[in-house]
Amino acid sequence: MLYWLTELSDGGDIFNLFRYITFRAGGAFLTALIFGFIFGKPLIDVLRKRQGKGQPIRDDGPEGHFIKAGTPTMGGLLIVGALLTSTLLWARLDNAFVWMVLFVTMGYAAIGFADDYAKVTKQNTAGVSGRVRLGLGFLIAAVAGGWAAWFHPADLTNQLAFPVFKDALLNLGWMFVPFSMIVIVGAANAVNLTDGLDGLAIMPVMIAAGTLGIIAYAVGRTDFTEYLDVHYVPGTGEILIFSAGLIGGGLGFLWYNAPPAAVFMGDTGSLALGGALGAIAVATKHEIVLAIVGGLFVVEALSVIIQVLYFKRTGKRVFLMAPIHHHYEKKGWAEPQIVIRFWIISLILALIGLATLKLR
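Because the structure is a prediction, the values reported are computed rather than measured.

## Some details on the overall build of the protein chain
- Summing up its helical and strand segments, the protein chain has 13 helices and two strands in all.
- Its C-alpha radius of gyration of 20 Å places the protein chain within 12% of the 21 Å reference for a compact globule of 360 residues.
- Principal-axis analysis of the C-alpha atoms places the extent of the protein chain at approximately 60 × 45 × 35 Å.
- In the protein chain, which comprises 360 residues, the proportion classed as buried is 53%.
- Nonlocal contacts in the protein chain, meaning residues at least 24 apart in sequence, comprise 74% of its contacts between residues at least 6 apart.
- Of the roughly 15900 Å² of accessible surface on the protein chain, 68% is carried by carbon and sulfur atoms.
- Taking the 26 positively charged and 23 negatively charged side chains of the protein chain as two groups, their mean positions are separated by 9 Å.

Rendered as structure tokens:
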């Protein structure tokens, strides 16, 4: 919204700064961060009062988790609120990709909110039916996939781009929308599975969002795409502002989610943030890079799939408990040890993902 202040500029005053995406991204980051600090404590107080017993703890979970009983959930409202406010304030509101990413984020936040609300009101871990969640998630992702295809340049419409092999494009045709649905729904649920320890999910999400934000800025500029030899997708540069708002809001949330957590993000946050990462990847034509940057989320999801399939086939378990972060808890690793090591892995994967921009 503040972009329109450029109409008051004569080219040499403070209003001219609002033309620059990097300046507005900095503003979005600070706005979201301050939002988190201002509204974090009041929101937690309201959630604690309304929820009473807080988020239900799984009976079959690690023993150390029972001390977390009573911790309120739905803290994702803080992140989503900060993200929405900062994006609407600092991004160009005539940008189709900004609205596409916001649509996915808010849609998945609504699904997550309904799930969290069902859990705390019924005081069980069932929540909303898995079929309903997946059905609504696929519907939102289908709209987003068609939205992205409509606004991609003609030479990239329905195409799958590859990292490193930058001249290669695979024409998915009508399969592009189903492919986009898998990317977005998969990212949302992978982040949801990762959100099992205090601070575990939010930092890797911020790292991935920062990486994808840089990629979005790069592919939205002709000079950068020529230098890096990647496909130019006009308009995606504005997504950097969304990513900066996510990082700011995420840091504000982490202030209260750091061990021992005063609040959990819940499905309200994890589904929204995971869906946002998937939507950014689809918008920027970097779906495969998302699998690298978000490799931690991929491993977490795969550990659950492997565990379920192997158990159904043999009656035995590959991991002591899935997702895999619980496996390491069962092995005796301290929770902060798991969290910090997983953060380090996420940072390494993000650097590898960025390196694919220049590798050829």
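## Here's the deal with the nonpolar core
- Counting residues in hydrophobic clusters, the biggest one holds 85 residues, and the most contacted among them are Met100, Tyr108, Ile202, Phe242, Leu246 and Leu277.
- Top contributing element to this core by residue count: helix H6 (residues 202-219), with 13 residues.
- Excluding residues that lie within four positions of it along the chain, Tyr108 makes contacts with Gly137, Phe138, Ile140, Ala141, Ile184, Val185, Ala188, Leu271 and Ala272.
- Counting eight residues, the second-largest nonpolar core is a separate cluster that includes Phe319, Ile324, Ile338 and Val339.

## A look at helix H5 (residues 176-194)
- Between its first and last C-alpha, H5 extends 27 Å over 19 residues, near the 27 Å set by a 1.5 Å rise per residue.
- Along H5, the positions that sit buried rather than exposed are Phe176, Ser180, Met181, Val183, Ile184, Val185, Ala187, Ala188, Ala190, Val191, Asn192 and Thr194.

## What to know about the side chain of Asp115
- Take Asp115: it is sitting in helix H3 (residues 96-122).
- The exposure class of Asp115 is buried, given its relative accessible area of 0%.
- In this structure the side chain of Asp115 is engaged in a polar contact, spanning 2.6 Å, whose partner is the backbone nitrogen of Val128.
- Ignoring sequence-local partners within four residues, the contact set of Asp115 consists of Ala126, Gly127, Val128, Arg133 and Asp267.

## Some thoughts on unusual backbone geometry
- Note that the residue after Pro259, namely Pro260, is joined by a cis bond; omega there is -10°.
- Its place among the elements puts Pro260 in the loop between helix H8 (239-257) and helix H9 (266-284).
- Here the bond from Ala322 into Pro323 is cis, since omega is 0°, no more than 30 degrees from zero.
- Non-glycine residue Asn158 carries a positive phi angle of around 65°.
- Checked against the element boundaries, Asn158 lands in the loop between helix H4 (130-151) and strand S1 (159-161).
- Positive phi, normally seen in glycine, also occurs at Asp229, with a value near 60°.
- In this fold, Asp229 is placed in the loop between helix H7 (222-228) and H8.
- The exposure class of Asp229 is partly exposed, given its relative accessible area of 31%.

## Quick look at the pattern of salt bridges
- Evaluation of the coordinates by the stated rule reveals nine salt bridges.
- Residue Lys119 pairs with Asp115 through a salt bridge whose shortest N-O separation is 3.2 Å. Of this pair, Lys119 and Asp115 both sit in helix H3, four residues apart, which is roughly one turn of the helix.
- Residue class for Lys119 comes out buried when judged on its relative accessible area of 15%.
- When the shortest N-O distance is used, the salt bridge between Arg133 and Asp115 registers 3.0 Å. One end of the pair, Arg133, is in helix H4; the other, Asp115, is in helix H3, and 18 residues separate them in sequence. For the pair Arg133 and Asp115, one class covers both residues: buried.
- Ionic contacts of the salt-bridge type, sharing partners, join the residues Asp115, Lys119, Arg133 and Asp267 into one network.

## Some remarks on the environment of Leu2
- Among the structural elements, Leu2 can be located in the segment before helix H1 (21-51).
- Note: C-alpha distance between Leu2 and Arg19 (17 residues apart in sequence) is 9.5 Å.
- In this structure, Leu2 is in contact with Phe18, Leu89 and Trp90, ignoring residues within four places of it in sequence.

Rules used throughout
Residues numbered from 1 in each chain as written. Predicted model: local features only at pLDDT ≥ 70, side-chain atom pairs only at ≥ 80, totals over all residues. Heavy atoms only, no water. Helix = DSSP H or I, 4+ residues; strand = E, 2+ residues; numbered from the N terminus. Rg over C-alpha atoms; globule rule 2.2 N^0.38 Å. Buried < 20%, exposed > 50% of the residue type's maximum accessible area, 1.4 Å probe, protein only. Contact = heavy atoms within 4.5 Å. Areas by Shrake-Rupley, 256 points an atom, 1.4 Å probe, with all protein chains shown as cover. Lys, Arg positive; Asp, Glu negative; His and termini not counted. Charge placed at Lys NZ, Arg CZ, Asp CG, Glu CD. Core = buried A, V, L, I, M, F, W, Y, C linked by side-chain atoms within 4.5 Å. Expected span 1.5 Å × (residues − 1). Polar contact = N/O pair within 3.5 Å; in protein donor to acceptor, adjacent residues only side chain to side chain. Salt bridge = Lys/Arg side-chain N within 4 Å of Asp/Glu carboxyl O.

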